[in-house]
Amino acid sequence: MSRFLKNPFGIRFKLVFLSSFLLVIPWLGYQYILEMEEYLRRGQEQTVLGTARALATALNERPELFDEGSYGPARQSDDLYVYPVFYPLSLDDDTLVDWQDYQRYELSYGKDDTIGTLLNPHSPFARYYHYDDSLNFKLLVGEYNRSLYAYLKVVDDHVVYRSEESLSIHRNDFLQISLVTQEGELKRYVISPRGPEFIYAYAVGEDLRDLASLSHEEGISGQWYEVPGGYEVELRLPLTMLGDQLGFAVYDVDDEVEREVSSVVATSDVNDRERLGSLRRPTPEIDRIVEGMGHTNSRIQVVDRAGRILLSVGDIQSATGLVLSEQAYQERVNKYWLFIEDNVLHPLYYRILTKPSNDFIDELYAGGTIEGQHIASALGGAPQTQFRTLEDTQTRILEAAHPILADGEVLGAVIVDQNMNGIRTFRNQALETLFNTILGVMVIISFGLFAFASRISGRIRDLRNQAESIIDDNGRLRNTIVASRNSDEIGDLSRSFSNIVERLGQYTNYLENMSSRLSHELRTPVTVVRSSLENLGLVAHGKESEIYIQRAEEGINRLNLILTNMSEATRLEQMLQTSEKERMDLAKVINGCVEGYRLAYPDFELVADIEGPVMIEGVPEYIAQLMDKLIANAVEFSYEGKPISIFCRAIRDQGVVRVSNYGPFLPEEMKGRLFDSMISVRPQEKQRQPHLGIGLHIARLVTEFHHGQIRAENLRDAEGVAITLAIPLLDE
Amino acid sequence: MARRIAIVEDEAAIRENYADVLRKQGYEVQTYANRKDAMRSFDLRLPNLAIIDIGLENEIDGGFTLCQSLRSMSETLPIIFLTARDNDFDTVSGLRMGADDYLTKDISLPHLSARIAALFRRLDVLDQPTSPENLLQRDKLTLDIGRLTIQWNNIPVPLTVTEFWMVHALVKFPGHVKSRQVLMQESKIFVDGSTITSHVKRIRKKFIQVDEDFDCIETVYGMGYRWNTQNTSGNTDQ
């Protein structure tokens, strides 16, 4: 760990850093999918516009489909405009609220619309008298699900219901509906309630006073309810009953006693087939054409020049444009994966992505007329598409409008709408798949890279550790490098290291054995000289020659001593190899040695600080030999009259022996090499005896044989040197 | 009749120097430079004593082979290895081959001739009765200074001449510590301390082969060795 901290920018880190560039891939994927979405969006735009164009083409040059009559302002004629309603209406809820915004398209009828009937003979000029201001109503006609819906809000100061016992239907407030059937026959119906009730419609004959001609009409249903200041009627009749003319008339009776109809307000002349107002509803012709185009997964609307919707097919909620199969999801049977996906991944993804909802309300289209730039443009003659984002759900809606032309004149426009949820969903699915795949690939790649980097750096660190461990503090070869058999560069490096170390080892070995070999080689000539001198001594007579022979012999003896010393270390090494260690008390051996040294060096004061037992595994003779060398060394360098102290203790898990003397400091640069073979720091004038620097080398050999360490250091508190060796204690 | 000594040594100068000295002392000396010549001669007639170098011309271990052949020809023929090889391994090998002594070439000529004389003396007295004045008795130990033999519990301990002189030096004054230097002088060899250590080790082993409980040679660390008369384990606690 410390190594890792020491080198924070290791190969592993670098590789991980470099591999972080892989994160560009998901970004690219994301960009790609966005591009694709854009592409698809344009495609959808073209498709939608194409659909609009196709429809418009089908409707082109057919002005009859857009009956000119219907184009005037709605209230300019007696015609009734039928608004397409896009949701079911409830008839029995006592209220008109379910008509919602459509209510703003209701039309008002008042005294100007008074007509004369058989029941109020003032007519047909009654309207000009406008003697009764109290009666007026508002009307709205809509179409939903092949039925015509209508409501009337009637303002009437006196609501007079049909009395309980009365059979006649005209002596009270009532409502008349006139229509021309598809066969061209004028039919009239009367709704004459006995109170607020579920309406019961009668078909009437020529004269509605003729009770015999009354018959029940089941097709018309609805509710009559009373409101403050009047009443309201909400009714429905199937489109099958209807031709293309329709009218409503409200008969008002104000005097409960007289029960005479005082005024009639109607949408048109309800009793005259010719003058009955037209029903303006999307023509069946357009209907059929558009119906044929209706399976395009879009909402298609046809508007007239005023922007009023003539027809609407499909609803925008399900107009996704793109149909996506759910198959992909069903194939995944692994519920664990699904669990992870639903609970971990998707929440994560949808923090970024917006999930489109089909549960939105397109307010713009709630009414009976629509507007927008695209429509304006289309009605101006140029097809156009536009995107619109709904505020609340982030749903984008694609709208295309194409003009319908006839004789170079714009009759209306086809509007094709699709919401973009299909593409959005598709995009989201693609992104999910992309993210999943990339997540997987990234995880695998990251782990792979990390493992690879770890392996590489591990191997390099191994090699480094090996390289560091082959040479000890003194620069001696300790181990060899195990050559890697890997065929790559690191293996190569390892092998060449191993090779270098091997050759270095051979060279070191050659150097270390140099003295031994030299001494061996020199011994033969020395023997020749010595034996010759001895022979000479035996034969020569005369004082002079004897002196020279003696000197020569002294020289040869000294040379011999040198040779012996030179090979001592090698001999010791050979002996160490065959020696067996035994349990021994280090303190006892040191103690014995110190006793001996007191005899051997009577001139020096030896201070022993020994505390036993210090049990180690070792060979006492070698320990003694080691001590001989240390003491000899200490004695040699000690200042005269100064004590030499010997310390021996078990400290923690090591037996520690320290021999210190007062004397000159060690040269700093020699400290590490002091224990090497042939290293001596003796000044020249001290060389009374031959010194080869073998002594401390032997000390080190013995220490290493006991798996210990030896080091030399200068004393801190006085001029002197301490040599300390530490040998591991025996495990008890 | 003069005793015949064979010197097998490939270094002519050394060979002739040794031969000269020995001849001066009255021995009949034959010299050979290699194993083949020596064996050819030995096949005809054995010498009374053989001094052999280990490395002979191109044979690294020729001396060992020669020693083995000689020993197989005669059980009693004294054989001395005189070689430049001073390592423990060769010493042990040489002595195991049946050599009576193993000397390194740095031995001085007088020391060499003293050994030769000792060996001949030992040979001479083998078939003569032991004279009591030559006997040194220490507990179970009997030293025959005349024959250079040692008995422990009346069982002979096969020591080389060098080893005998060492034991003799220790036993002369039991309880006295003999330093390695002293032992070196007494046994007439010139080696370093660790060689003495291995000599002492070998002596101990030889005694232990005779008596497993032998514990008379005590190491006094830092000083040397001493002979313990009591069979107690020696220690030098203050």
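Residues numbered from 1 in each chain as written. Chains lettered and ligands numbered in written order. Predicted model: local features only at pLDDT ≥ 70, side-chain atom pairs only at ≥ 80, totals over all residues. Heavy atoms only, no water.

A few points about the overall build of chain A
If you tally the helices and strands in chain A, you get 14 helices and 26 strands. Long-range pairs, those at least 24 residues apart, make up 68% of the contacts in chain A between residues at least 6 apart in sequence. Accessible surface for chain A amounts to roughly 37500 Å². Of this, 53% is attributable to carbon and sulfur atoms. (Helix = DSSP H or I, 4+ residues; strand = E, 2+ residues; numbered from the N terminus. Contact = heavy atoms within 4.5 Å. Areas by Shrake-Rupley, 256 points an atom, 1.4 Å probe, with all protein chains shown as cover.)

Description of the overall build of chain B
Within chain B, the regular secondary structure consists of 8 helices and 12 strands. By residue count, 57% of the 238 residues in chain B fall in the buried class. Long-range pairs, those at least 24 residues apart, make up 57% of the contacts in chain B between residues at least 6 apart in sequence. Accessible surface, chain B as shown: approximately 10300 Å² in total, 49% of it carbon and sulfur. (Buried < 20%, exposed > 50% of the residue type's maximum accessible area, 1.4 Å probe, protein only.)

Some details on the confidence of the model for chain A
Residues of chain A with pLDDT of at least 70 account for 84%, and the chain-wide mean is 79. Across residues 68–76 of chain A the pLDDT falls below 50, and counting only partners more than four positions away or on other chains, this stretch makes 18 contacts in the model. (pLDDT = per-residue confidence, 0-100.)

Section: the sheet that holds strand β2 (residues 28–32) of chain B
All names here are of chain B. Read across the sheet, 5 strands follow the order β2-β1-β3-β4-β5 without closing on themselves; strand pairing throughout is parallel. Bordering the open sheet on either side are β2 and β5 (101–104), each of which pairs with just one other strand. When strand polarity is set aside, the average angle formed by the axes of neighbouring strands in this sheet is 20°. Here strand β1 (residues 4–8) pairs with β2 via 5 bridges, running parallel. Across the sheet, the residue bridging to arginine 4 is glutamate 28, located in β2. Taken strand by strand, helix α3 (residues 62–73) contacts β1, β3 (49–52) and β4 (79–83), and its axis lies near 175° from that of β4. Lying on the sheet, helix α5 (residues 109–125) is in contact with β1, β3, β4 and β5; it crosses β3 at an angle near 145°. (Pairing = 2+ DSSP bridges. Axes fitted to C-alpha atoms, helices over the stretch in contact; angles between N-to-C directions.)

So, helix α6 (residues 161–172) of chain B
Residues and elements named next belong to chain B. Relative to the 16 Å expected for 12 residues at 1.5 Å per residue, α6 spans 16 Å between its end C-alpha atoms, a close match to the ideal helical length. Burial runs high along α6: 11 of the 12 residues are buried. The set of residues buried in α6 consists of Val161, Thr162, Glu163, Phe164, Trp165, Met166, Val167, His168, Ala169, Leu170 and Val171. (Expected span 1.5 Å × (residues − 1).)

So, the interface of chain B and chain A
Opposite the 35 residues of chain B that make contact, chain A presents 36 residues. Summing both sides of the interface, chain B and chain A together bury roughly 3100 Å²; the carbon and sulfur share of this comes to 56%. Summed over the shared surface of chain B and chain A, the number is 2 salt bridges. A salt bridge links B:Arg204 to A:Glu621; the shortest N-O distance between them is 3.9 Å. When contributions to the side of chain B that touches chain A are tallied by element, the ones reaching two or more residues are α1 (12–24), α5 and α8 (193–210) of chain B. Grouping the constituent residues of the side of chain B that touches chain A by class yields 12 nonpolar, 10 polar and 13 charged. (Buried area = accessible area lost by both parts, 1.4 Å probe. Salt bridge = Lys/Arg side-chain N within 4 Å of Asp/Glu carboxyl O. Nonpolar A, V, L, I, M, F, W, Y, C, P; charged D, E, K, R; others polar.)

What to know about the side chain of A:Asn661
Mapping A:Asn661 onto the fold places it in strand β24 (residues 654–662). By relative accessible area, A:Asn661 is classed as buried at 6%.

Things to note about the packing of helix α2 (residues 11–19) of chain A against helix α9 (residues 421–470) of chain A
Residues and elements named next belong to chain A. In contact at an axis separation of 8 Å, α2 and α9 are set at 155° when each is read in the N-to-C sense. It follows from the interaxial angle that α2 and α9 lie roughly antiparallel. Here α2 and α9 pass one another in a crossing that is right-handed. Residue-level contacts link Ile11, Arg12, Leu15, Val16 and Ser19 of α2 to Leu449, Phe450, Phe452, Ala453, Ser454, Ile456, Ser457, Ile460 and Arg461 of α9. Among the residues forming the contact of α2 with α9, the class breakdown is 9 nonpolar, 3 polar and 2 charged. (Parallel < 35°, antiparallel > 145°, perpendicular 65-115°, else oblique. Left-handed = near helix turned anticlockwise from the far one by under 90°.)

Comments concerning the pairing of strand β5 (residues 174–180) of chain A
Residue and element names in this part refer to chain A. Of all 7 residues in β5, 7 are buried; the element is thus mostly enclosed. Burial of β5 is two-sided: the residues Phe174, Gln176, Ser178 and Val180 facing one way and the residues Leu175, Ile177 and Leu179 facing the other way are all buried. Relative to strand β12 (residues 245–253), β5 runs antiparallel, the two sharing 7 bridges. Each residue of the ladder has a partner; that of serine 178, found in β12, is glycine 247. Judged from the 6 bridges that link them, β5 and strand β6 (residues 186–191) form a sheet pairing that is antiparallel. Within the sheet, the bridge partner assigned to serine 178 lies in β6 and is arginine 188.

Here's the deal with the nonpolar core
Core analysis: the largest hydrophobic core is formed by 50 residues, its most contacted members being B:Ile5, B:Ile51, B:Ile116, B:Ile150, B:Phe207 and B:Trp227. Residues contacting B:Ile5, with those up to four places away along its chain left out, are B:Leu22, B:Tyr27, B:Glu28, B:Val29, B:Gln30, B:Leu49, B:Ile51, B:Ile116 and B:Phe120. Of all hydrophobic cores here, the second largest spans 47 residues; its members include A:Leu586, A:Leu606, A:Ile631 and A:Ile644. (Core = buried A, V, L, I, M, F, W, Y, C linked by side-chain atoms within 4.5 Å.)

Re a negative patch on the surface
On the surface, A:Asp255, A:Glu256, A:Glu258 and A:Glu260 cluster together into a patch of negative charge. One can find A:Glu258 in the loop between β12 and β13 (261–266). (Patch = residues over 30% accessible without salt bridge, like charges linked within 9 Å, V, L, I, M, F, W, Y side chains within 5 Å. Lys, Arg positive; Asp, Glu negative; His and termini not counted. Charge placed at Lys NZ, Arg CZ, Asp CG, Glu CD.)

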